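What the coordinates show
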Protein chains: 2
Amino acid sequence: MSNKQVIYREEVQLSLKETHMEVRTSSKRLKADKDSGTIAVKNLYLACDPYNFHLIKYSTKLGSPVPGYGVARVLESGHPNFKKGDLVWGVTGWEEYSLITAPETCFKIEHADVPLSYYTGLLGMPGMTAYAGFFEVCSPKKGETVFISSAAGAVGQLVGQFAKSLGCYVVGSAGSKDKVDLLKNKFGFDEAFNYKEEQDLDAALKRCFPEGIDIYFDNVGGKMLDAVLLNMKLYGRITVCGMISQYILEQHDGIHNLLNLLLKRVRMEGFVVSDHYHLYPKFLEMVLPQIKEGKIVYAEDIVDGLENGPAALIGVFSGRTVGKQVVAVSRE
Amino acid sequence: MSNKQVIYREEVQLSLKETHMEVRTSSKRLKADKDSGTIAVKNLYLACDPYNFHLIKYSTKLGSPVPGYGVARVLESGHPNFKKGDLVWGVTGWEEYSLITAPETCFKIEHADVPLSYYTGLLGMPGMTAYAGFFEVCSPKKGETVFISSAAGAVGQLVGQFAKSLGCYVVGSAGSKDKVDLLKNKFGFDEAFNYKEEQDLDAALKRCFPEGIDIYFDNVGGKMLDAVLLNMKLYGRITVCGMISQYILEQHDGIHNLLNLLLKRVRMEGFVVSDHYHLYPKFLEMVLPQIKEGKIVYAEDIVDGLENGPAALIGVFSGRTVGKQVVAVSRE
């Protein structure tokens, strides 16, 4: 069986480049095994997430396929939870066919009457991240003021819409005029600004939040976090979902304004979506009807073909991508 | 009526110096007033807290007495909660006699069978800070590892003892050999180190916490906080009680390791004791028997006379003080 793969070929240091990856074709036979409980899958859609960087840097051997979240169809199952023909989403490989050795970490797709690619984003890990991060970690209340960085990304756009649906005042930052337009005109944010065009982030936040910020959903860390700390309201909450501005720095930006945690009694909390996956059925129950009724707007950018995968993934880190970047391996 | 006072006489910038204060004698008549509900008190003991700096810098006019927590006897009352002869603790002035304009913020002392000076520390604001900060904000569990900075201070020594009594492993840092000895030999800490003698705070923490830190009770902020972030365990908690290392800096130290909040799902939270004062009766119920049974060790350093107050207060900021610094205005 011929298997086109994106191979991790050169040790990544601070930032991932296309040259760290290479597309080649293997012909190894993948066989699901009852003893070890593996499943063999055909990959359909692959997600381009900041999380890929972590997976690559900390848990991938040189010469192995790039790992990441994806949607796949089961070809052969050695695991009691799955049978041939099932659709699943979870961590798979950047290749046409994968042998998944821990299928218990995959979710079976029970609702296929929405675009399957959504399970790489809105209905997958980023959707659950937005849901758990906002509703579980931020403790939001109607009428509160919410700021979201990297707001046009897969997670941010959903957090903003969840917050609006709860009756919050919502502002997002992003890195281009196109993204800012998307936030204001498509995702229904009350305000948005391009952080690259602001001389003074503190001033930009004060303009958007004259009364201060109740909730900051932090996807970027660094200088934006430092400016936000100056603008938090009493008993505010900062949920640390990502610090994408920091991953690529050898020496992380210094944060100078943490004294505001004390002055304003702010709670700042890091969270990881995998701690909240038990809420996935509850999340689907909320979000599937909203999708079908058109109440949730979702932007994705799908490129076809594994060979275009590396460039698409790099785009997420460079800020080039608008909305959820997906690689279609096979549209079946 | 002659009234010796410590007057705030010169605008403080970054750090408080003795020259910002001046001892002089006024002869203004203090009269409690039923219409405004004031009380006139004779001050007995005054607390030297880092909090004095905040009170001075942010809410004291030049020419007024230095404010701070203290223990006082009511001489005349215009407030229904208090009568002549009552003992109270709360924010008063650094002077022999004060007119307290918001006596509802004072606590009546119901238990005078312990040293009255304790109400400036163990049984007052610092005691409640330790109690609420540890039990309410840190969410401690038996067997967890606890690190306390500025551990020989009024709050730190109590947090350590509360943590030990709960069955935690407790380590403290302080700024002199004497204080480290006190922590290990008097307050029952499992380990302690002198941060001024450590080349590498991260290494010192790794030596004391080979498995990492569950709870960090932060009294200092800055470089210690940054080193602690590298050593937090999964689901750890950092309670920000003070950042004394930072108050005196024009540009606060940069904190570079916040990414660990995300990697370790750490919750970091600022708190202010006044939000927890409703728990004061519950606190007394726990701590009074422990004091009487000698289960709590408490170190205080009492200097006599208002004229020695400014030097004593500066000692708290310079790290010279061991234990709770108190100024006895009158031992009655």
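Each chain has its residues counted from 1, following the order in which its sequence is written. Written order decides the labels, with chains lettered from A and ligands numbered from 1. Given that the model is predicted, a residue must reach a pLDDT of at least 70 before its local features are reported, and side-chain atom pairs must reach 80 or more before they are shown or counted; all residues, however, enter totals for whole chains, interfaces and linings. The basis for every side-chain value is the complete set of non-hydrogen atoms in the structure, without hydrogens or water.

1. Here's the deal with the state of the cysteines
Residues and elements named next belong to chain A. A pair of sulfur atoms, both from cysteines and within 2.5 Å, is called a disulfide here. According to the stated counting rule, one finds zero disulfides over all chains in the structure shown. Free cysteine: Cys106, not disulfide-bonded; nearest cysteine sulfur from Cys48 at 18 Å. Left unpaired, Cys168 is separated from the closest cysteine sulfur, that of Cys138, by 9.3 Å.

2. Topic: helix H5 (residues 201-208) of chain B
All names here are of chain B. Per-residue accessibility, obtained with a 1.4 Å probe over protein chains only, is compared with the maximum for each type, and a residue is labelled buried under 20%, exposed over 50%, and partly exposed between these values. Secondary structure elements follow DSSP: runs of H or I no shorter than four residues count as helices, runs of E no shorter than two count as strands, and numbering proceeds from the N terminus. Those residues of H5 that fall on the buried side of the exposure criterion are Leu201, Ala204, Leu205 and Cys208. Projection of H5 onto a plane perpendicular to its axis shows the buried side chains occupying an angular sector of 95°, all on one side. Lining the buried residues of H5 we find strand E8 (145-148), strand E9 (169-174), strand E10 (191-194), strand E11 (213-218) and helix H6 (222-229). The definition of a polar contact used here is a pair of N or O atoms within 3.5 Å, where within protein one atom must be able to donate a hydrogen and the other to accept one, and adjacent residues in sequence count solely through side-chain atom pairs. The opening residue of H5 is Asp200, an N-cap whose side-chain oxygen sits 3.0 Å from the backbone nitrogen of Asp202. Directions drawn from the helix axis to the C-beta atoms are what define this arc. Here, residues are in contact when the closest pair of their heavy atoms is within 4.5 Å.

3. Concerning the interface of chain A and chain B
The interface of chain A with chain B comprises 29 residues on the first partner and 29 residues on the second. Between chain A and chain B, the buried area comes to about 2400 Å², and carbon and sulfur atoms account for 65% of it. Should a side-chain nitrogen of Lys or Arg be within 4 Å of a carboxyl oxygen of Asp or Glu, the pair is scored as a salt bridge. At the junction of chain A and chain B, the tally comes to two salt bridges. Across the pair Asp275(A) and Arg265(B) runs a salt bridge whose closest N-O atoms are separated by 3.0 Å. Taken together, the connections running from chain A to chain B amount to eight residue pairs in polar contact (both at pLDDT 80 or more). Those elements that provide at least two residues to the side of chain A that touches chain B are strand E12 (232-240), helix H8 (259-263) and strand E13 (267-270) of chain A. Computed with a 1.4 Å rolling probe, the buried area is the accessible surface lost when two parts are put together, summed over both parts.

4. Comments concerning the relation of the copies chain A and chain B
Least-squares fitting of chain A to chain B yields an RMSD of 0.0 Å, with the superposition described by an axial translation of 0.0 Å and a rotation of 180°. Both copies of the chain, as the preceding transformation shows, are related through a two-fold rotation axis. For chain A, the smallest separation between a C-alpha atom and the rotation axis is recorded for Gly254(A), amounting to 1.9 Å. Most of the interface of chain A is mirrored in chain B, where 100% of its interface residues are also at the interface. Copies are brought into register by a least-squares superposition over C-alpha atoms of residues with pLDDT of at least 70 in both.

5. Brief notes about the sheet that holds E11(B)
The sheet built from twelve strands is open, its strands ordered E10(A)-E9(A)-E8(A)-E11(A)-E12(A)-E13(A)-E13(B)-E12(B)-E11(B)-E8(B)-E9(B)-E10(B) with mixed pairing. Edge strands, defined here as strands with exactly one partner in the open sheet, are strand E10 (191-194) of chain A together with E10 of chain B. Sheet twist, expressed as the mean angle between neighbouring strand axes with direction ignored, is 15°. Strand pairing requires that DSSP identify at least two bridges connecting the strands. Where E12(A) lies against E13(A), four bridges are found, and the strand directions are parallel. Within E13(A), the position partnered with Val240(A) by the bridge is Gly270(A). To get an axis, fit a line to the C-alpha atoms, keeping to the stretch in contact for a helix; angles then go from 0 to 180 degrees between the N-to-C directions. Here helix H3 (residues 154-166) of chain A sits on the sheet in contact with strand E8 (145-148), strand E9 (169-174) and strand E11 (213-218) of chain A, set at roughly 170° to E8(A). Contacts between helix H4 (residues 177-185) of chain A and the sheet are confined to E9 and E10 of chain A, with E10(A) contributing the most and set at about 175° to the helix.

6. Observations regarding the domain arrangement of chain A
Residues and elements named next belong to chain A. Domain delimitation follows an automatic or database domain assignment. Looking at the assigned domains, one finds that chain A contains domain 1 (3-121 + 298-328) and domain 2 (125-274). Between domain 1 and domain 2, the contact holds 20 residues from the first and 15 residues from the second. Interface of domain 1 and domain 2: buried area, both sides summed, is about 1500 Å²; carbon and sulfur atoms make up 67% of it. The interface formed by domain 1 and domain 2 includes zero salt bridges. Linking domain 1 to domain 2 there are three residue pairs in polar contact (both at pLDDT 80 or more). Those elements that place two or more of their residues in the side of domain 1 that touches domain 2 are helix H1 (50-59) and helix H10 (309-318). A total of four residues in the side of domain 1 that touches domain 2 trace back to one element, the largest contributor, which is H1. Residue polarity is assigned by list, with Asp, Glu, Lys and Arg as charged and Ala, Val, Leu, Ile, Met, Phe, Trp, Tyr, Cys and Pro as nonpolar; anything else, Gly included, falls into the polar class. Per-class residue counts for the side of domain 1 that touches domain 2 are eleven nonpolar, seven polar and two charged.

7. A short note on the side chain of Thr129(A)
All names here are of chain A. Checked against the element boundaries, Thr129 lands in helix H2 (residues 125-137). Residue class for Thr129 comes out buried when judged on its relative accessible area of 6%. In this view, Thr129 contacts Phe134, Val155, Phe217, Cys241, Phe271 and Val273; residues no more than four positions away in its chain are not counted.

8. Digging into unusual backbone geometry
Residue and element names in this part refer to chain B. Phi at Ser150 is positive, roughly 50°, even though this residue is not glycine. Under the relative-accessibility criterion, Ser150 is labelled partly exposed at 31%. Phi is positive for Tyr235, close to 60°, though the residue is something other than glycine. Its place among the elements puts Tyr235 in strand E12 (residues 232-240). Since its relative accessible area comes to 44%, Tyr235 is described here as partly exposed.

9. Let's talk about the environment of Gly315(A)
Residue and element names in this part refer to chain A. Topologically, Gly315 is positioned in helix H10. Once the C-alpha coordinates of Gly315 and Asp214 are considered, the two residues, 101 residues apart in sequence, prove to be 31 Å apart. Leave out the neighbours within four places in its chain, and Gly315 touches Arg320 and Thr321.

10. A look at the packing of H2(A) against H3(A)
Residue and element names in this part refer to chain A. Where H2 meets H3, the closest approach of the two axes is 8 Å, and the angle between their N-to-C directions is 45°. The orientation of H2 relative to H3 falls into the category oblique. Here H2 runs over H3; the crossing is right-handed. Packed against H2, whose contacting residues are Pro126, Gly127, Thr129, Ala130, Tyr131, Phe134 and Phe135, the element H3 presents Ala154, Val155, Leu158, Val159, Phe162, Ala163 and Leu166 at the interface. In these notes the angle categories are as follows: under 35 degrees is roughly parallel, over 145 is roughly antiparallel, 65 to 115 is roughly perpendicular, and the rest is oblique. Crossings are classed by handedness, with left-handed meaning an anticlockwise turn of the near helix from the far one by less than a right angle and right-handed meaning a clockwise turn.

11. Structural notes on the pattern of salt bridges
The tally for this structure, following the rule as stated, stands at 42 salt bridges over all chains. Its salt-bridge partner being Asp86(B), residue Lys83(B) comes within 3.2 Å of it at the nearest N-O pair. Under the relative-accessibility criterion, Asp86(B) is labelled buried at 8%. Among the charged side chains, a network of salt bridges with common partners joins Arg9(A), Glu22(A) and Arg24(A).

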